[in-house]
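Take a look at the letters that make up each chain.
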Amino acid sequence: FLNLLSNAEKFTGPKPDPRVLVRCADAGGEYLFEVEDNGVGFDMKYAGKLFGKFQRMHGSDEFEGTGIGLAVVRKIVEKHGGRVWIESRSNVGTCVFFTIPKEVVHV
């Protein structure tokens, strides 16, 4: 969550009305989590690269970071049997979704 919230905060920084939403829903045998922002977004044709190590959509001169955050998210989510994906539109925002099977969550 820290990586996803940090990204959302970072990429909404240039917006005059930054917004970050966090949602969780019961999706049958799993929980569906969403972290959505109204930040700078990106072109979805590059989405497949984002979960790789050291992959960035924006230059380090625009936004700080190493390009490892989403790779870490993917590794953790998949290690727990979940899935992770992203949807975005340039200059509109980004939403990162991930699932965690219910049998993994101990409430």
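Residues numbered from 1 in each chain as written. Predicted model: local features only at pLDDT ≥ 70, side-chain atom pairs only at ≥ 80, totals over all residues. Heavy atoms only, no water.

(A) Representation of the packing of aromatic side chains within the structure. For the coordinates displayed, the defined rule picks out four aromatic pairs. Measuring from ring centre to ring centre gives 4.8 Å for Phe33 and Phe98, while their planes differ by 15 degrees; the resulting arrangement is stacked. Placement of the pair is Phe33 in strand 2 (residues 30–37) and Phe98 in strand 4 (residues 93–101), with a sequence separation of 65 residues. A relative accessible area of 16% means that Phe33 is categorised as buried. (Phe/Tyr/Trp six-rings, centres within 6.5 Å; stacked < 30°, edge-to-face > 60°. Helix = DSSP H or I, 4+ residues; strand = E, 2+ residues; numbered from the N terminus. Buried < 20%, exposed > 50% of the residue type's maximum accessible area, 1.4 Å probe, protein only.)

(B) Quick look at the side chain of Thr94. Mapped onto the elements, Thr94 comes out in strand 4. Residue Thr94 is classed as buried on the basis of its relative accessible area of 11%. When near neighbours in sequence (up to four residues on either side) are disregarded, Thr94 contacts Val35, Glu36, Asp37, Gly41, Phe42, Ile86, Glu87 and Ser88. (Contact = heavy atoms within 4.5 Å.)

(C) Here's a closer look at the environment of Leu4. Within the secondary structure, Leu4 is located in helix 1 (residues 2–12). When the C-alpha atoms of Leu4 and Cys95 are compared, they prove to be 9.6 Å apart, with 91 residues separating the residues in sequence. If we skip the residues at most four places from it in the chain, Leu4 touches Val35, Leu70, Val73, Val96 and Phe98.

(D) Summary view of helix 2 (residues 69–79). Buried within helix 2 we find Gly69, Leu70, Ala71, Val73 and Val77. Elements in contact with the buried residues of helix 2: helix 1, strand 3 (84–89) and strand 4. Count one or two residues on from helix 2 and you reach Gly81, which has phi positive near 85 degrees.

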